[in-house]
Amino acid sequence: MTINVQDSKSLPLQEKIVHNNKMARAMELIILSFLVSMLVYRIISFKHQNHNFPWFLAFLCESWFTFIWILSMNIKWNQSYTITYPERLLERVNEFEFPAVDIFVTTADPILEPCIITMNTVLSLLAIEYPTNKLALYLSDDACSPHTYYSLVETTKFAKLWVPFCKKYNIQVRAPFRYFTSNSTPLEDDCLEFQHQWKKMKNLYGDLYKKIEVAAQRPFTCDDPKSEFAVFCDVNRSDHQAIIKVISENTDLPIVIYISREKNLKHHHQYKAGAMNVLTRVSGVMTNAPLMLNVDCDMYANNPQVFLHAMCILLGYKNDQDCGFVQIPQAFHDGLKDDPFGNQLANYYYITNGLGALQGIFYMGSNCFHRRKVIYGLSPNDKTKSGNIRNEDLHKVFGKSFELRESAAEILSGSNPKIENRTSPSTLINASIDVAGYSYEYGTDWGKKVGWLYGSTSEDVLTGINIHGKGWKSVMCSPEPPAFLGCAPSTFPSSLIQQKRWANGLTEILLSDKNPLLLTMKGNLWFRQALAYYWIFLWGVRSIPEICYAFLPAYCIITGTHFLPKLSEMVFIIPVGIFFIYNVYVLWELKRLGVSLRMWWNLQRMGRVIAMTSWFYGFLSVMLKLMGLSKSVFEVTQKEHMSNDGVGYHNDKNVNRFTFDKSPVFVPGVVILLVNMTALVNSLLKLLKVDYSEIWMEVLGLELGEMFCSIWLLLCFWEFLKGLFGNGKHRIPSSSIWKSGVIALVLVCSWKRSSPLL
Ligand SMILES: O=c1ccn([C@@H]2O[C@H](COP(=O)(O)OP(=O)(O)O[C@H]3O[C@H](CO)[C@@H](O)[C@H](O)[C@H]3O)[C@@H](O)[C@H]2O)c(=O)[nH]1
Ligand SMILES: [Mn+2]
């Protein structure tokens, strides 16, 4: 598929820029040396400690933190990113040479993911700058909802006007709900024709919005057995036949296809990964583009040039090996100010640029261009597949469908299918329904070796590591303006649920056969990339030392022991140094991204809260699964609701405030809070008892370091403290408070009884 565009005289289509990273490295090394000194000190002084339990536990936790620090240094050590030149691409490559792209959008629930959001995603993609005849958009609906289908039909009608409008006036934001916000009214000096068209489009979008809203509020009725909606009559969303409908073909629009895969109660549908595999197969049968882009329903294309940018990378390397997939980062629109819930991922900037200098960015589940041959399991050095591929082999890997095997053979042999010779999708409905069946994958490699891999609720990272394991590299492409915008979970509970799902999925991969070290030894995963994968796979496990460490200060205060050196000892400088330099380092990192002080604080405290609540539950649920006590589920997060006119979102003044629900995920947070509060009360009482004639000696002998840690934790869990006394949804449910209270009481009492001082 590679087109020879790298003419020796011509300028490159993409360039890798390397950052100078000396200052950050110096700070990281200083922190590392402090961490190591602390460990050495703990070893040397272990004999002299009367209370060796907290001392030993602290040593274990700090060894772990040092290990994690080394993992993160490994990722960030070199920093680089790739820039792209779409103008050069347009000069050099003819439109008809551009490869075809199949676009996949997934949605799973019209209530949690309101149709109008999904439809804006669809519209922004249909209006992308790229030869229309090379594009096909497939919407996978896991809810099998007639409303979604209806919305897609209406949206396609609207798109027939919307797309030419965007292209004619070179509109920048092509998701109408963002375009028609109040501050985008045409200027007086815009030409009259444009002003007129603008008003017309705005009204038409308003109509579309109303139709979708009204339909969503009315229950679906099965009056007319002949209507195109009749197939949705009495369907059970978890048990129904496959529904595939070609909504548009042979027009100025990309092909638009609706898919609801077959489901059966006895068969595990594998959540998003299952949906992606059906999309891959159906598109293989229908259009078989060599490239595939997948976008979650809560993202939209914000930069109409994004396909051209991606092509600079996909066509710009001499070897396909240098780019197995192109990941476009996700940015967030209308992100809450200062990121109160710590879910806008600003702090991952240096991680992603660090990966850019290794084997490449992780696959992050959305906004990613994949080569179909890579998803079909090809390795970079698999030249042998060209020529004759044995039919039995194809059968074993891809399943029984003749059409799919034919199309897969075409992809694997590297021949670039001609779109002029393509059969029209509507004649291939039966073949497609066949590959969308729940039993199609039995006895094939789908989900095991080809397609999106099963076995983790973070199917994206799992699929990505498998690709890197074969030796492919990946590239992150971040054009300006940001190419894809989405919404981060907008409430505290939903962002904890998202983190829990990630930690759960990442721990699952850690225990699977896609273990990074194995892939380095047996496959082609780079060693440093493997370490980078450990950094992310250990999220769930990290909750354990975090929680132990958070209990240590309280334990010491309550039992009158120490885990930190006393203020009177010189070595006290080490923990103080770590605390101080680390915080300065993070603040400095974030400042360079233009982040406010307030946001630094939010990120740092949410870092602790997420690790001790969501990650802990993610880890716990994998352990329960191992014992056969539970199953992993993919909990879809609630997407925001649109305001009344379908433009922008509801403006709730209280969005920044923390809310709570009955989920057990809050319990560890409350326990940590209560235990530390008890400890602080304890130490206040001690302070009152100090003999003030010998004040300094006494105070210095107290657990000042431990007290400071306790206060710091109290500040990190401040929102939980407010949640104890809040009202309505701002209050932690009494049942959770009671449970946490009992756990905290049991802990404190048992510590008191075991106290060495009694
Ligand atoms: O059974 C399912 C469940 C989910 N989805 C879709 O998966 C996408 C992601 O779901 P969402 O609730 O938005 O989860 P996020 O936490 O926002 O998703 C992130 O994390 C997921 C892995 O946990 C990745 O798959 C996503 O791409 C990544 O954006 C959405 O389009 C859903 O419609 C399905 O199609 N079928
Ligand atoms: Mn999402």
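Quick caveat, the model's predicted, so the values are computed rather than measured.

Participant: Go over the overall build of the chain, please, and point to the residues and values.
Facilitator: A count of helices and strands for the chain gives 27 helices and 13 strands. In terms of C-alpha radius of gyration, the chain reaches 28 Å, essentially the compact-globule figure of 27 Å for 758 residues. Taking all 758 residues of the chain together, the buried fraction comes to 46%. Pairs at least 24 apart in sequence give 85% of the contacts found in the chain among residues at least 6 apart.

Participant: Before we move on, could you go through the domain arrangement of the chain and cite the residues and values that matter?
Facilitator: Segmenting the chain into domains produces domain 1 (22-77 + 520-754) and domain 2 (86-328 + 365-482). Taking the mean C-alpha position of each, domain 1 and domain 2 sit 41 Å from one another. Between domain 1 and domain 2, the contact holds 17 residues from the first and 23 residues from the second. The residue makeup of the side of domain 1 that touches domain 2, split by class, is 7 nonpolar, 8 polar and 2 charged.

Participant: Could you give me a rundown of the packing of helix H1 (residues 22-45) against helix H2 (residues 52-76), with the residues and numbers involved?
Facilitator: Remark: H1 packs on H2, axes separated minimally by 10 Å, with the N-to-C direction vectors making an angle of 160°. By the criterion of interaxial angle, the relationship of H1 to H2 is roughly antiparallel. Helix-helix and strand crossings are classified by hand; for H1 and H2 the assignment is left-handed. Contacts from Ala24, Glu28, Ile31, Leu32, Leu35, Val36, Met38, Leu39 and Arg42 of H1 reach H2 at Trp55, Ala58, Phe59, Glu62, Ser63, Phe65, Thr66, Trp69, Met73 and Lys76. Class assignment for the residues of the contact of H1 with H2 results in 13 nonpolar, 2 polar and 4 charged.

Participant: Before we move on, could you go through the sheet that holds strand E13 (residues 484-486) and cite the residues and values that matter?
Facilitator: Taken in spatial order, the 3 strands make up an open sheet running E8-E13-E10, and their pairing is mixed. Single-partner strands in this sheet number two, and they are strand E8 (299-301) and strand E10 (330-332). Put simply, the sheet's adjacent strands are angled 40° from each other on average, direction ignored. For E10 and E13, the ladder comprises 3 bridges, and the chain directions are parallel.

Participant: Lay out unusual backbone geometry in plain terms, naming residues and giving numbers.
Facilitator: Of note, the bond from glutamate 480 into proline 481 is cis; its omega dihedral lies within 30 degrees of zero at -10°. The residue proline 481 is located in the loop between strand E12 (474-476) and E13 in this model. If you check the backbone angles, glutamine 270 has positive phi at about 60° while not being a glycine. Note on placement: glutamine 270 falls in the loop between strand E6 (255-260) and helix H8 (271-286). Using a count of 21 C-beta atoms within 10 Å as the deciding quantity, one classes glutamine 270 as buried. For asparagine 288, which is not a glycine, the phi torsion comes out positive at approximately 50°. Following the sequence through the fold, asparagine 288 ends up in the loop between H8 and strand E7 (291-296).

Participant: Outline the site of ligand 1, supporting the account with residue identities and numerical values.
Facilitator: Looking at ligand 1, there are 25 residues lining it, with Thr106, Ala108, Tyr271, Asp296 and Gly365 nearest. If you list the elements that add at least two residues to the shell around ligand 1, you get strand E3 (101-107), H8, helix H15 (459-469) and helix H16 (492-510). Counting residues per element, the shell around ligand 1 draws most heavily on H16, at 4 residues.

Participant: With reference to specific residues and values, describe the UniProt feature "active site" (unreviewed entry) in the chain.
Facilitator: Taken from the UniProt record, the annotation "active site" (unreviewed entry) applies to Asp142 and Asp460. Ignoring anything within four residues of it in the chain, the contact list for aspartate 142 reads Thr107, Ala108 and Ala275. By the C-beta count within 10 Å, which is 24 here, aspartate 460 ends up buried. For aspartate 460, the residues in contact, after removing those within four places along its chain, are Tyr363, Met364 and Gly365.

Participant: So what's going on with the pairing of strand E5 (residues 243-248)? Residues and values would help.
Facilitator: Side-chain direction in a regular strand flips from residue to residue, so the side chains alternate between the two faces of the sheet. Here 5 bridges tie E5 to E6, and the two strands are oriented antiparallel to one another. Each residue of the ladder has a partner; that of isoleucine 244, found in E6, is isoleucine 259.

Participant: With reference to specific residues and values, describe the nonpolar core.
Facilitator: If you look at the biggest cluster of nonpolar residues, it comprises 186 residues, and the most contacted ones within it are Ile103, Leu137, Tyr138, Ile257, Ile259, Val282 and Val326. Broken down by element, this core gets its largest block of residues, 10 residues, from helix H19 (residues 539-559). Those residues within four positions of isoleucine 257 in sequence are excluded, and the remaining contacts are Ala136, Tyr138, Ile244, Lys245, Val246, Ile247, Met286 and Pro425.

Participant: Got a sec to walk through the UniProt feature "binding site: Mn(2+)" (unreviewed entry) in the chain? Specific residues and values, please.
Facilitator: Per the UniProt annotation, the sites labelled "binding site: Mn(2+)" (unreviewed entry) are Lys272 and Asp296. The greatest C-alpha distance among the annotated residues, which extend across 25 residues, is 9.9 Å, indicating that they converge on a single site. Mapped onto the elements, lysine 272 comes out in helix H8. Excluding residues within four positions of it along the chain, lysine 272 makes contact with Thr106, Glu459 and Phe634. Structurally, aspartate 296 is set in strand E7. With residues near it in sequence (within four places) discarded, aspartate 296 still touches Thr106, Gly365, Ser366 and Gly486.

Participant: Describe the sheet that holds strand E9 (residues 325-327), with residues and values.
Facilitator: Across the sheet, which stays open at both edges, the 8 strands sit in the order E5-E6-E4-E3-E7-E11-E9-E12 with mixed pairing between neighbours. Sheet topology places E5 and E12 at the edges, where each strand pairs with a single neighbour. Each strand axis lies, on average, 20° off the axis of its neighbour in the sheet, ignoring direction. Relative to E12, E9 runs parallel, the two being bridged by 3 bridges.

Participant: How would you explain the confidence of the model for the chain if you had to name every residue and give the values?
Facilitator: Residue-level pLDDT values for the chain average 92, and 95% of them are 70 or greater. Predicted complex, confidence summary: ipTM 0.99, pTM 0.94.

Participant: Provide a residue-level description of the environment of leucine 208, including the pertinent values.
Facilitator: If you trace the backbone, leucine 208 turns up in helix H7 (residues 192-217). According to the C-beta neighbour criterion, leucine 208 is buried, with 22 such atoms within 10 Å. Taking the C-alpha atoms as reference points, leucine 208 and valine 541, separated by 333 residues in sequence, lie 47 Å from one another. Setting aside its immediate chain neighbours within four residues, leucine 208 contacts Glu154, Thr155 and Phe158.

Criteria and cut-off values
- Positions within a chain are numbered from 1, following the residues in the order the chain's sequence is written.
- Here chains are named by letter from A upward and ligands by number from 1 upward, in the order in which they appear as written.
- With the structure being a predicted model, the display of local features is reserved for residues of pLDDT at least 70 and the display and counting of side-chain atom pairs for 80 or more, all residues being used for whole-chain, interface and lining totals.
- The way it works is that DSSP assigns letters per residue, a run of H or I at least four long becomes a helix, a run of E at least two long becomes a strand, and they are numbered from the N terminus.
- C-alpha atoms define the radius of gyration, and 2.2 Å times the number of residues to the power 0.38 defines the globule rule.
- Whether a residue is buried, exposed or partly exposed is read from the other C-beta atoms within 10 Å of its own C-beta, which are placed from the backbone; 20 or more gives buried, 12 or fewer gives exposed, and intermediate counts give partly exposed.
- A residue pair is marked as a contact if its C-beta atoms, positioned from the backbone, fall within 7 Å.
- The split into domains, and so the bounds of each, comes from an automatic or database assignment of domains.
- When residues are grouped by polarity, Ala, Val, Leu, Ile, Met, Phe, Trp, Tyr, Cys and Pro land in nonpolar, Asp, Glu, Lys and Arg in charged, and all others, Gly among them, in polar.
- With axes taken as lines fitted to C-alpha atoms, and helix axes fitted only over the stretch in contact, angles between N-to-C directions fall between 0 and 180 degrees.
- Each angle is binned into one of four classes, with values under 35 degrees roughly parallel, values over 145 roughly antiparallel, values of 65 to 115 roughly perpendicular, and all other values oblique.
- Note on convention: the crossing is left-handed when the near helix lies turned anticlockwise from the far helix by less than a right angle, right-handed when the turn is clockwise.
- DSSP calls a pair of strands paired once it identifies at least 2 bridges connecting them.
- Using a C-beta atom placed from the backbone, a residue is described as near a molecule or strand when that atom lies within 6 Å of it.
- UniProt positions are given in the numbering used here, feature names are shortened, and annotations may be inferred rather than shown by experiment.
- In these notes, a nonpolar core means any group of buried Ala, Val, Leu, Ile, Met, Phe, Trp, Tyr and Cys residues linked to one another through C-beta atoms within 7 Å.
- Per-residue confidence from the predictor is given as pLDDT, running between 0 and 100.

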